[in-house]
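As a plain string of letters, each chain reads:
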Amino acid sequence: MVRLKTRLKKELLSRLGDAFPLPVSEIEVAYPPQQSLGDLSFTFPFKLAKLRQTNPRQVAQEFLPYFSGLGGVERAEVAGPGYINLYLDRKAFFRQQLESLDTPSLQPEEEKIIIEHTNINPNKAAHIGHLRNACLGDTLGRCLKYKGEQVEIQNYIDDTGVQVVDVVFGLMELEKKTLTDLENIKDKLDYYFWDLYARTSAYLASHPEAEVRKAEILKKIEHGQDPEAALGFAISRRILRAHLQTMKRIDVTYDLLPCESSILGLKFWEKAFALLKDRGAISVADKGPNAGCWVMRLEEEEDKEKVIVRSDGTVTYVGKDIAYQLWKFGLLGKDFFYQPFIEEDGRTIWITTTSPKKVPVSFGRATKVYNVIDSRQAYLQKIVVQGLKSLDYFEQAAKSIHFSYEMVALSPKSLKELAYEVSDEEKDKSFLEVSGRKGLGVKADDLLDRLEEKALAEVETRNPDLPAEAKLAIARQIACGALRYFMLKFARNSLIVFDFEEALNFEGETGPYLQYSAVRLNSIFRKLEDKAGFGPRELEFLLSEKNMLLEALPEAEKRDFWDLVFYASQFEESVLHSILSLEFSHLAKFAFNLCQKMNAYYHLYSILGEENRDRKEMRIRTIFYVREILKKTLFLMGIPLPEKM
RNA sequence: GCGCCUGUAGCUCAGUGGAUAGAGCGACGGACUCCGGAUCCGUAGGUCGCAGGUUCGACCCCUGUCAGGCGCGCCA
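Residues numbered from 1 in each chain as written. Chains lettered and ligands numbered in written order. Predicted model: local features only at pLDDT ≥ 70, side-chain atom pairs only at ≥ 80, totals over all residues. Heavy atoms only, no water.

Trainee: Please clarify how the protein's contact with RNA strand B should be interpreted in this entry.
Mentor: The local shell around RNA strand B holds 63 residues, among which Q34, R310, R462, Y602 and M645 are the closest. Atoms of RNA strand B within 4 Å of the protein belong to the sugar or the phosphate in 60% of instances, the rest to bases. With respect to RNA strand B, the side chain of K527 contributes an N or O atom lying 2.7 Å from a phosphate oxygen. Here the surface near RNA strand B is composed, by residue class, of 33 nonpolar, 17 polar and 13 charged. (Near = heavy atom within 4 Å. Polar contact = N/O pair within 3.5 Å; in protein donor to acceptor, adjacent residues only side chain to side chain. Nonpolar A, V, L, I, M, F, W, Y, C, P; charged D, E, K, R; others polar.)

Trainee: Help me out: how do you make sense of the sheet that holds strand β1 (residues 29–30) in this one?
Mentor: Across the sheet, four strands lie side by side as β1-β2-β4-β3; this open sheet has antiparallel pairing. The sheet is open, and its two borders are formed by β1 and β3 (73–79), each paired with just one other strand. (Pairing = 2+ DSSP bridges. Helix = DSSP H or I, 4+ residues; strand = E, 2+ residues; numbered from the N terminus.)

Trainee: Hey, could you run me through the sheet that holds strand β15 (residues 408–410) in this one?
Mentor: Hydrogen bonds between backbone groups are what pair the strands of a sheet, and the pairing can be parallel or antiparallel. Strand order in this open sheet of three strands is β16-β15-β17, and the pairing throughout is mixed. The open sheet is flanked by β16 (432–433) and β17 (496–498), the only strands paired with a single partner. Inspection of the sheet shows β15 paired to β17 by three bridges, in the parallel sense. Each bridged residue has a counterpart across the sheet, and for V408 the counterpart in β17 is I496. Lying over the sheet, helix α5 (residues 128–146) contacts β15 and β17, oriented at roughly 155° with respect to β15. (Contact = heavy atoms within 4.5 Å. Axes fitted to C-alpha atoms, helices over the stretch in contact; angles between N-to-C directions.)

Trainee: Just to check I follow, could you spell out the packing of aromatic side chains for this structure?
Mentor: Describing an aromatic ring pair means giving the distance of the ring centres and the angle of the ring planes. Enumeration over the complete set of coordinates arrives at 33 aromatic pairs. Ring centres of F42 and F67 lie 5.0 Å apart, and the angle between their planes is 65°; this geometry places the pair in the edge-to-face category. Taken together, the residues span a long stretch of sequence, with F42 in strand β2 (residues 40–42) and F67 in the loop between α3 (56–63) and β3 at a distance of 25 residues. Relative accessible area serves as the criterion here: at 1%, F42 is assigned to the buried category. Accessibility expressed as a relative area gives 1% for F67, which makes it buried. (Phe/Tyr/Trp six-rings, centres within 6.5 Å; stacked < 30°, edge-to-face > 60°. Buried < 20%, exposed > 50% of the residue type's maximum accessible area, 1.4 Å probe, protein only.)

Shown next, in the form of structure tokens:
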């Protein structure tokens, strides 16, 4: 469809020549609200009429002749108050669509794109908020790759910050445990620390004197002194592995894990600091509450200053982030060292390190960067971009995209289910923020477990004869599909108030519905082969046959056929739209609508049982086309396609 | 106080300035001796928070206003 629209515009423009006084961008190709009004719709007569102060319908009439005989267009007519509507040559259109299934029409625009997502502090288990982040980031990556872009996925690991310090404190001071004790904890370590982190936070809040010990731990971790440093390292690495394991369950993976320890160890900040100082981008505040700090000012808010370096000389989180962002664009003049962290399924996840290693990989040097971070961090992201601007990297600043999304919160009902004790001030709220510090949240693995369990029960009743292993594999795919669709179906600015019942639903607008639709399509093809001997070879032959008898279909069916096929053909447009608006709920809606149309279609028109050969062949082409589009859409959303359901 | 976001059916949410505002859930009523009922079809349900403005045309843009959320740390 993207291809057709561009071609039509181009053809039209060359015909119009100077007769058309408006810029090309004003030629908008839309879709009429009903099939009976045509397939494509031009609205420029309205704009032109305004310019000329005449009647839009008159303008439309005047330009109508230019539309006759356009390639692939059957006829054009003026409709309503001044639209020019096109009716496509359906047979030619469908044939073209079938032929170009394997050749995407989207074009890459960047040399290299980095997406940073997930970024879970390695001191506790992943929760539903992290799942939303990972699903959005991963889907963006899949879509950009489909578009032809070179994409690198990074998951930033803050392995030295105060959050890790907190759990080291908890382990040493509250639990009185050593490194050996830690190694003897064989259970899920991320779960263990979920509880310990919450307990430690509560303890620290009520024991201010503990701050001294905390500061000591932080210092020792930063300077690599044991046992604190070794403990911090052991904890963060093991929890990181647990996180990667969790993300693998929803088919999310990474290319590189940049660590804060590397940024500190390799003195990235010192380099960035020198650059910023040279440019005068940051300055020492000589008075006010920030006296003695290096601060940066925001362009729009002159009165506000953000501390980058504290009065004790240590750098804040934003400072490190500016250095990291500079590195992503290859502007820092320094690089990490790398080593493999996990090697499986034929691919390697790399991690940064401070010790020189010879490796056959390189990272960074992107021309565009997406940071998938929730909307609460908008202010900080703005400062990072400001850092680039103040170094005169305007192009990179413009291509530093904060992929912002709203958080996942908990409904009162789910609080009850989690047996969370609500404090008085929390009582009146209609939802509560997930908080690792409070130990309040739905752990990612718990949710996935419950989804799997429910899916497995369904599979047991529907496919009791399958081997246990196959049932489990299917249940996992369904759980993944359910979760990913759930995280994608909401617009990113929509706050998700998490509710178990809603998230565990497999009916209606859900991932399993999409999977089921695709599975049913596959099942029809399987039956075609088993019962009618219509296998891959016959299918290939049918598709290569140029002559399709669209006219063999009755009028009503022709309309339904076209409605389905024409909608499916808008797939790439939907992908592009999602990328441009960073709104993957569009893609989710597209998939859902496509399935609805598809399900209604095959309900109405039998494929296996159809006696008339021409009709049967048209229907096979149709469901084949839709299946292929659906498969692509599911893949881009990271929703697996089970064999059976 | 300032900044950003949100307000659409009972609930949860979609909705490129374009033609009659749509889904799902829930409710109610149905579906072929059937290509799998995780499906399909139908019914009910709307002053698109409110008030102005711009426009040939506004859920969409602008202004104001009300309500809710989130930011505005020498935390990350």
